[in-house]
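# Summary of structural features
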Amino acid sequence: MITCPIFFCAYIKAMVKIIYIEHNGKEHVAEVQNGLTVMEGAVQNDIPGIDADCGGSMSCATCHVYVKEDWYDKLPKKEMGEDDMLDQAYEPNSNSRLSCQISVSDDLDGLKVHIPEKQV
Amino acid sequence: MIKTDAVIVGAGPTGLFCAHQLGIIGLTCEIVDNLDKIGGQCIELYPDKPIYDIPAVPKCTGEELTNNLIEQIKPFKFNFHLNDRVQEIINENGNWIVKTTNGKKFKTPNVVIAGGVGSFEPRKFPTKSAEKFDGTSVLYSIKDKTIFKDKFVAIFGGGDSALDWAIELSNISKVSLIHRRDEFRGAPASVQKIKELSKKNIINLFTKYSIKDVKGNGSLEEVEIKNEEGESKILKADYVLGFFGLIMQLGPIAEWGLNLDKKAIPVNTENFETNKKGIFAIGDICTYPGKLKLILSGFHEGALAARGCFKYARPNEKYRFEFTTASNTIKDRLGVK
Ligand SMILES: Cc1cc2nc3c(=O)[nH]c(=O)nc-3n(C[C@H](O)[C@H](O)[C@H](O)COP(=O)(O)OP(=O)(O)OC[C@H]3O[C@@H](n4cnc5c(N)ncnc54)[C@H](O)[C@@H]3O)c2cc1C
Ligand code: FES
């Protein structure tokens, strides 16, 4: 794969479908580039409800989303500090994640994330 | 009433460097920040993290950057007004009257908003009913701990503030500590201490619980907590304390009649003036085509806004461009030979 530049470029540029669901149930389907975060996908596509005040540096908890069990276990595991930051989020629960910490990959094609009622 | 050439709203890196630029061109300023310390996001969010993209500084932490900026403006002896929020800006005969939460008043031709993503405010409980008791029995910071003597106090949170206050107040009050999970992010020694106090029944510890409701007729009487299984408990409480860290909130800036684009203020890139004459916006709070939310961009924006301020502060003088290396006037201002 690495030896074939054309294929490699096509591979890393691939788009992944992410479904953002607002608190009122409104769905937004976005094509997000592989390697970006779920937060970046929301910002690029003007999806309301993900503020991302700190620009993805895991210091604001305003990119908080809920991920239901079926998808939750497929996500990359939380790194150190994410749970600490989630303590400060608006109504966190055991389905909570920071969307700036979820990198989009092919495995996540069709991922559904639920946006909280508010971030603050 | 304090008279000055410019009031800077926000003591983050952008506000600090703008103050430097005002000083260099011979103007005065007063700097107000809601935080209890100087440095904005750099000091509040990442004092120990190294920054790698400050021009000519290969690596420095948020705290080092802040200290250097403070050092750089020392010669001008500008006043800082910390722990105070700029609340209102009113136009009075071409000048701006700037009022703060603590009742300070400034009269100035120029206001430079360097407010970042907003002022740092404590995160509050999501429960609507908590608003009714906000500031009386639902508190997010402690000024006078003697009010808790012999009272029932419910403390929410898992960081150092929550743990330290739970330990401290357990000496004089009946403390419950409630946190949404089993792990705490506070210092290990404090976590240990909390567990000991809980074993001895000095502190009531509830993990995996969060707030559901607060109740009381007139004064607060009880707090209801719930877990994810939907079970709830009612705790007697005279006070409810929440320690969930700080969040940046646009707050009063949204009420000053400025154009807003999402949470940012559109400016022109000639002098970073907003839609109001004499009000400038620089740093993370401003937006224009191509805006980068970087410290280095904030520095540039501050330099140009300072020149913009000159026009209104010295209407009868012409601004003269000078280098710091060459100008004796500037060297005098800096107190160097
Ligand atoms: C974790 C992290 C890492 C970062 N890393 C980098 C990096 O490597 N390089 C880089 O260039 N940038 C980085 N940034 C971004 C950088 O910190 C910001 O761009 C910068 O702090 C913006 O400066 P500012 O002065 O505009 O605003 P801020 O630093 O946000 O300061 C604004 C200040 O204004 C105060 N304020 C707001 N409203 C009011 C009011 N009404 N009254 C009184 N005070 C008020 C606030 O309390 C605050 O202290 C990082 C940010 C974070 C969170
Ligand atoms: S964007 Fe701030 S924590 Fe994710």
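Our subject in this report is the structure included herewith. (Residues numbered from 1 in each chain as written. Chains lettered and ligands numbered in written order. Predicted model: local features only at pLDDT ≥ 70, side-chain atom pairs only at ≥ 80, totals over all residues. Heavy atoms only, no water.)

This paragraph deals with the pairing of strand 8 (residues 95–100) of chain B. Residue and element names in this part refer to chain B. Bridging between strand 7 (residues 86–92) and strand 8 involves 6 bridges; their strand directions are antiparallel. If you follow Asn91 over to strand 8, its bridge partner there is Trp96. What sits between the antiparallel neighbours strand 7 and strand 8 is a turn of 2 residues, in which Asn93 has the positive phi angle 50 degrees. Two elements, strand 8 and strand 9 (residues 105–108), share 4 bridges in a ladder whose sense is antiparallel. Counterpart to Val98 in the pairing with strand 9 is Phe106. Linking two consecutive strands that pair antiparallel, namely strand 8 and strand 9, is a turn of 4 residues; a positive phi of about 85 degrees is found at Gly103 within it. (Pairing = 2+ DSSP bridges. Helix = DSSP H or I, 4+ residues; strand = E, 2+ residues; numbered from the N terminus.)

This paragraph deals with the nonpolar core. Of all hydrophobic cores here, the largest spans 57 residues; its most connected members are B:Ile8, B:Leu22 and B:Ile113. Top contributing element to this core by residue count: helix 6 (residues 295–313) of chain B, with 7 residues. When neighbours within four sequence positions are excluded, B:Leu22 is seen to be in contact with B:Ala6, B:Ile8, B:Leu27, B:Cys29, B:Ala306 and B:Cys309. Of all hydrophobic cores here, the second largest spans 30 residues; its members include A:Tyr20, A:Leu98, A:Val104 and A:Ile115. (Core = buried A, V, L, I, M, F, W, Y, C linked by side-chain atoms within 4.5 Å. Buried < 20%, exposed > 50% of the residue type's maximum accessible area, 1.4 Å probe, protein only. Contact = heavy atoms within 4.5 Å.)

On to helix 1 (residues 13–24) of chain B, then. Residues and elements named next belong to chain B. Given a rise of 1.5 Å per residue, 12 residues ought to cover 16 Å, and the 17 Å separating the end C-alpha atoms of helix 1 matches this to within 8%. Here helix 1 lies mainly inside the structure; 12 of its 12 residues are buried. Within helix 1, the full set of buried residues consists of Pro13, Thr14, Gly15, Leu16, Phe17, Cys18, Ala19, His20, Gln21, Leu22, Gly23 and Ile24. Taken from the residues just after helix 1, Gly26 is the one with a positive phi, measuring 90 degrees. (Expected span 1.5 Å × (residues − 1).)

Let us look at the pattern of salt bridges. Scanning all chains against the criterion turns up 25 salt bridges over all chains. Two residues, B:Lys74 and B:Glu71, come together in a salt bridge whose shortest N-O distance is 3.6 Å. Exposure remark for B:Lys74: the relative accessible area of 53% places this residue in the exposed category. Assessed through its relative accessible area of 47%, B:Glu71 is described here as partly exposed. The partner of B:Arg181 in a salt bridge is B:Glu183, with the nearest N and O atoms 3.5 Å apart. Taken together, the shared-partner salt bridges connect A:Lys78, A:Asp83, A:Asp84, A:Asp87, B:Arg180, B:Arg181, B:Glu183 and B:Arg185 into one network. (Salt bridge = Lys/Arg side-chain N within 4 Å of Asp/Glu carboxyl O.)

Glancing now at a negative patch on the surface. All names here are of chain A. On the surface, Glu31, Asp106, Asp107 and Asp109 cluster together into a patch of negative charge. With respect to the helices and strands, Glu31 occurs in strand 2 (residues 27–33). On the basis of relative accessible area, Glu31 is assigned to the partly exposed category, the value being 45%. (Patch = residues over 30% accessible without salt bridge, like charges linked within 9 Å, V, L, I, M, F, W, Y side chains within 5 Å. Areas by Shrake-Rupley, 256 points an atom, 1.4 Å probe, with all protein chains shown as cover. Lys, Arg positive; Asp, Glu negative; His and termini not counted. Charge placed at Lys NZ, Arg CZ, Asp CG, Glu CD.)

With that settled, consider the interface of chain B and chain A. Opposite the 19 residues of chain B that make contact, chain A presents 21 residues. Buried surface at the junction of chain B and chain A, summed over both partners, amounts to about 1700 Å²; 41% is from carbon and sulfur atoms. Run the count over chain B and chain A and you get 8 salt bridges. Here A:Asp87 and B:Arg181 are joined by a salt bridge, their closest N and O atoms 2.8 Å apart. Applying the counting criterion to the chain B and chain A interface returns 13 residue pairs in polar contact (both at pLDDT 80 or more). Element by element, the count of residues in the side of chain B that touches chain A is highest for strand 20 (residues 246–249) of chain B, at 4 residues. In terms of residue class, the side of chain B that touches chain A is built from 7 nonpolar, 3 polar and 9 charged. (Buried area = accessible area lost by both parts, 1.4 Å probe. Polar contact = N/O pair within 3.5 Å; in protein donor to acceptor, adjacent residues only side chain to side chain. Nonpolar A, V, L, I, M, F, W, Y, C, P; charged D, E, K, R; others polar.)

Right, let's get into the packing of aromatic side chains. All names here are of chain B. As enumerated under the stated definition, the model contains 11 aromatic pairs over all chains in all. Summarising the aromatic geometry, the rings of Phe125 and Tyr140 are spaced 5.6 Å apart at their centres and angled 45 degrees between planes, so their arrangement reads as tilted. In this pair, Phe125 sits in the loop between strand 11 (119–122) and strand 12 (138–139) while Tyr140 sits in the loop between strand 12 and strand 13 (152–156), placing the two residues 15 residues apart along the sequence. Here Phe125 and Phe156 contribute two aromatic rings whose centre-to-centre distance is 5.2 Å and whose plane-to-plane angle is 80 degrees, an arrangement assigned as edge-to-face. On the criterion of sequence distance, the pair formed by Phe125 in the loop between strand 11 and strand 12 and Phe156 in strand 13 is long-range, its members being 31 residues apart. (Phe/Tyr/Trp six-rings, centres within 6.5 Å; stacked < 30°, edge-to-face > 60°.)

Another point: unusual backbone geometry. All names here are of chain A. If you check the backbone angles, Asp46 has positive phi at about 55 degrees while not being a glycine. Examined against the element boundaries, Asp46 turns out to sit in the loop between helix 2 (38–44) and strand 3 (64–66). The backbone phi angle of Ala52 is positive, close to 50 degrees, even though this residue is not glycine. Residue Ala52 is classed as buried on the basis of its relative accessible area, which comes to 13%.

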